[in-house]
Amino acid sequence: MTSCGFKSLISSPCGSSKYHKGATVIIALLNCTKDITGHLQQLNAFDTESVNNEVTLILARAEGTLLGDLSNSRNILNKFLVSSGVTSITQSKKKFSLLTSRTKAVHVSKASESIVALIDVIAPGDAGALWEATKRSNMVEKALSINKSDSIEKVYLTALAQTYRHATGWDTHGQLQLFIPGVTYYRVKAARNHKQLYGRGVKVDDTRSPRVRVDENQLDHFLTFITSPHVVQDLPFGFRNHFKGWTISAEGRTALDELSAVVDKLIDHGLDKRKGMTYQEYVKEGKQFFKTEYKVHVTSSSKTADRCIQFALSDPKESALQQKCDHNHNEFCQSCEQLKSIIHEVGEQIKQLCHDDDDLLYVYSQAVQGAENWKSHLL
């Protein structure tokens, strides 16, 4: 007797639909236009492009190519599990991530029993060693696209960050920083300053300005040449003096510009940006004062020490080169004192923020010396 081959595939007897028992109309499959979305959802299959009617659904199930239809594989697996003393598994209608905690626990237990049964068959009597080797290989994680190292690292860093945030003492902070190699107090401040200036995640400008090392003998030869009297021996005397004065003034202006650049470096090292901008504004005012007003206020006799030529030209150590003033220096030049104060504060900030930066200390000292030379020249 011939039987229906589709019966074994769908595991149910042929006949009228159990949902429409009274239906007697027979429709050819090619003419069936009913929606099969419900069938696909029951099978956890959502390939609606190639499987869109009853005919393609039957063919896909018969060929075993229906995406999500694992009935054949599940039947074979259940036979193996039952033969191994493990209860069979059933089809889940929801994704594992959408299941309740209790149902998830059941699935985990069933998966564990299935894995144990499989390993016992592959390595009889030594299943534990095979399991340890499998875990060390990380092949299962790779096959399932699970980045285990990232998840462990994330958990570790999260715990470390929370511990650091709730730490009460600086000693605890210092101990925790040992677990993060390369992180220093300066780098943290620099990162915060970068975020305030440019925004979070903006790439740091890594453009370098390399310095060229010059041989000391060559440098000495060059300096000797340009300072030699033979270079300017043909210049008129007045022009030579004017040239020298112009050079000192130019160096003084450059010195104050370099002092402003030093403040920029301090801002990069953590100095408050507003305070740094205030420093630079005062330096700019001092530069403008020396260029325009200072010479006007300088006199041979003044109650302001910074403007008194007689007092300024007296040598404090050599009595023969001194001339006592007939007045007291009890007045002050506000612009001069302001510049002195800024120069002093910049020096203190360098000591606090970057005392080990020899290049910055050198530029600062040269800038201070240049500013003093300019003032002396104007006097």
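All of these numbers come straight from a predicted model, not from anything done at the bench.

**Student:** So what exactly am I meant to see when it comes to the overall build of the chain here?
**Tutor:** The number of helices and strands found in the chain is 17 helices and 0 strands. Burial status across the chain gives 22% buried among its 379 residues. Accessible surface computed for the chain: about 28900 Å², of which carbon and sulfur atoms make up 56%.

**Student:** Help me out: how do you make sense of the environment of Gly286 in this one?
**Tutor:** Locating Gly286 in the fold gives a position in helix 13 (residues 273-292). Spatially, the C-alpha atoms of Gly286 and Ile342 are 9.8 Å apart, while their sequence positions differ by 56 residues.

**Student:** Please explain the pattern of salt bridges as it appears in this structure.
**Tutor:** Charged atoms that come close allow side chains of opposite charge to pair. Following the criterion strictly, the structure yields 4 salt bridges and no others. Between Asp257 and Lys287 there is a salt bridge, with its nearest N and O atoms 2.9 Å apart. Of the two residues, Asp257 is situated in helix 12 (residues 237-268) and Lys287 in helix 13; the sequence distance between them amounts to 30 residues. Here Glu337 and Lys340 are joined by a salt bridge, their closest N and O atoms 3.7 Å apart. Here the residue Glu337 and the residue Lys340 both occupy positions in helix 16 (residues 334-353), the gap between them amounting to 3 residues, near one helical turn. Overall, Glu337 belongs to the partly exposed group, its relative accessible area being 31%.

**Student:** In this structure, what is going on with helix 16? I would like to understand it.
**Tutor:** Along an α-helix, residues three or four apart share an orientation, since each turn contains 3.6 residues. Here helix 16 is 20 residues long and its end C-alpha atoms lie 28 Å apart, about the 28 Å a rise of 1.5 Å per residue gives. Taken together, the buried positions of helix 16 are Cys336, Leu339, Ile342, Ile343, Val346, Gly347, Gln349 and Ile350. All buried residues of helix 16 fall inside an arc of 160° around its axis, so they share one side. What points out from helix 16, more than 90 degrees from its buried face, is the exposed set Gln334, His344, Lys351 and Gln352.

**Student:** Teacher, can you tell me more about the packing of helix 16 against helix 17 (residues 358-378) here?
**Tutor:** In a pair of packed helices, the angle between the axes and the distance between the axes together describe the arrangement. With their axes 11 Å apart at the nearest point, helix 16 and helix 17 run at an angle of 170° to one another. When the interaxial angle is binned, helix 16 and helix 17 end up roughly antiparallel. In contact with Lys340, Ile343, His344, Val346, Gly347 and Ile350 of helix 16, helix 17 contributes Leu361, Tyr364, Val368 and Lys375. Among the residues making up the contact of helix 16 with helix 17, the classes are represented as 6 nonpolar, 2 polar and 2 charged.

What counts, and where the lines are drawn
Residues numbered from 1 in each chain as written. Predicted model: local features only at pLDDT ≥ 70, side-chain atom pairs only at ≥ 80, totals over all residues. Heavy atoms only, no water. Helix = DSSP H or I, 4+ residues; strand = E, 2+ residues; numbered from the N terminus. Buried < 20%, exposed > 50% of the residue type's maximum accessible area, 1.4 Å probe, protein only. Areas by Shrake-Rupley, 256 points an atom, 1.4 Å probe, with all protein chains shown as cover. Salt bridge = Lys/Arg side-chain N within 4 Å of Asp/Glu carboxyl O. Expected span 1.5 Å × (residues − 1). Arc of directions from axis to C-beta. Axes fitted to C-alpha atoms, helices over the stretch in contact; angles between N-to-C directions. Parallel < 35°, antiparallel > 145°, perpendicular 65-115°, else oblique. Contact = heavy atoms within 4.5 Å. Nonpolar A, V, L, I, M, F, W, Y, C, P; charged D, E, K, R; others polar.

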